[in-house]
Amino acid sequence: MTWAELLPLIFLAVMGLALLAYVVLDGYDLGVGLLLPLADDAQKDTMISSIGPFWDANETWLVLGVGVLLVAFPHAHGLVLQALYLPVAVMLIGLILRGVAFDFRVKAPLQYKAFWNKAFFAGSLLASASQGWMLGSYITGFDPGPLGLAFSLGIAVTLPAAYTLLGAGWLIMKTEGELQERSVFWARRVLWPMGAALVGISAATPLVNQGVVEKWFSFPMVFALLPVPLMCAVAFFAVRWVVTHPEVVKAGYGWVVFAATVLIFVLAFFGLSYSIYPDIVIGRMTVWQAAISTSSLNVIFVGVAITLPVIILYTIFMYKVFWGKARALSYQ
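Attention here is on the structure that accompanies the text. Computed from a predicted model, the values in this text were never measured in an experiment. (Residues numbered from 1 in each chain as written. Predicted model: local features only at pLDDT ≥ 70, side-chain atom pairs only at ≥ 80, totals over all residues. Heavy atoms only, no water.)

### Focus: the environment of Leu-179
Okay, so step 1: Along the chain, Leu-179 turns up in helix H9 (residues 177-208).
Okay, so step 2: Residues Leu-179 and Ala-150, 29 residues apart in the sequence, show an inter-C-alpha distance of 36 Å.
Okay, so step 3: Once residues within four sequence positions are removed from consideration, Leu-179 is found in contact with Gln-43, Thr-46, Met-47 and Trp-186. (Helix = DSSP H or I, 4+ residues; strand = E, 2+ residues; numbered from the N terminus. Contact = heavy atoms within 4.5 Å.)

Structure below.
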């Protein structure tokens, strides 16, 4: 493989890494936002505190991923944005609403705090549901028919449920006492609906994208890829075992819920990547067709080679500095 053929794949890997990091990192704080109405007022403050140092920086990965799509694959960016203009706008409204509510819930007069808590929940729901709709539309190749719309709607419901489990797992790690116990209960309640939805979506995916059938169920790949669903099942039942045994959480193993949920996200991501490769817009455009000229990619490569390590290092540093149990949020 020549450098000109390899370079688009490098940018595709960077974009994939950025989007996976965003889904995992911003996914848990979206999940915390979705759980906010279920807590009392003091617990809400602790929940917001648990994501306070991280949530804004987590969205850096979204900027990086979309930025790489724009500058390295502008032809694909045009097709994707044209097809997803409305859900992208809804997602941005949700993210803006979350950002405003995050500060205003503490700084506004006390009588408006409940309103801003609801706004934070609404923003989290809008952002997560719109991301699910975009993912479903992308997998179907932006099919406008009834089957494609139903599939997109299914993922628009499934992704917030998955984020909720991720958020509950985060709270189990970051909190203690009654809030930790309630987080275990929330994880237990959302686990089976999320699992059933994921199985349903996985079963429906071959119906809306025939290329998935050829890649996953041809011989001998069906056996080579068998570890992926098996590992997902192991991770799922690991979560179930922890949330149904409170003594395990008290013993300090609550982190297993978050880690196993992240593993499910990672496996699903790599499964999707394998299913669509080498297309960047399914059924319409490969990664090499979407890429700009090699000379332009060489220039951008220098910038990405500097930017990506910096983002990774400051993300690691930030989590190291602010790690530990969360306390009630304070601006004093």
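Picking up where we left off.
### Quick notes on the pattern of salt bridges
Note that side chains of opposite charge can pair when their charged atoms are close.
Okay, so step 1: In total, this model carries five salt bridges according to the counting rule given.
Okay, so step 2: Between Lys-113 and Asp-41 there is a salt bridge whose closest N-O contact spans 3.4 Å. Highlighted residues: Lys-113 in helix H7 (residues 113-139) and Asp-41 in helix H2 (residues 41-51), separated in sequence by 72 residues.
Okay, so step 3: Of the charged contacts in the structure, one is a salt bridge between Asp-45 and Arg-105, with a shortest N-O distance of 2.9 Å. In this pair, Asp-45 is assigned in helix H2 and Arg-105 in helix H6 (residues 85-107), connecting sequence segments 60 residues apart.
Okay, so step 4: Assessed through its relative accessible area of 13%, Asp-45 is described here as buried.
Okay, so step 5: The exposure class of Arg-105 is buried, given its relative accessible area of 1%.
Okay, so step 6: Taken together, the shared-partner salt bridges in this structure form one network comprising Asp-41, Asp-45, Arg-105 and Lys-113. (Salt bridge = Lys/Arg side-chain N within 4 Å of Asp/Glu carboxyl O. Buried < 20%, exposed > 50% of the residue type's maximum accessible area, 1.4 Å probe, protein only.)

### Digging into the side chain of Lys-113
Okay, so step 1: Classification of Lys-113 as buried rests on a relative accessible area of 12%.
Okay, so step 2: Engagement of the side chain of Lys-113 in a polar contact is seen with the side chain of Asp-41, the distance being 3.4 Å.
Okay, so step 3: The residues touching Lys-113, leaving out its near neighbours within four places in the chain, are Asp-41, Asp-45 and Arg-105. (Polar contact = N/O pair within 3.5 Å; in protein donor to acceptor, adjacent residues only side chain to side chain.)

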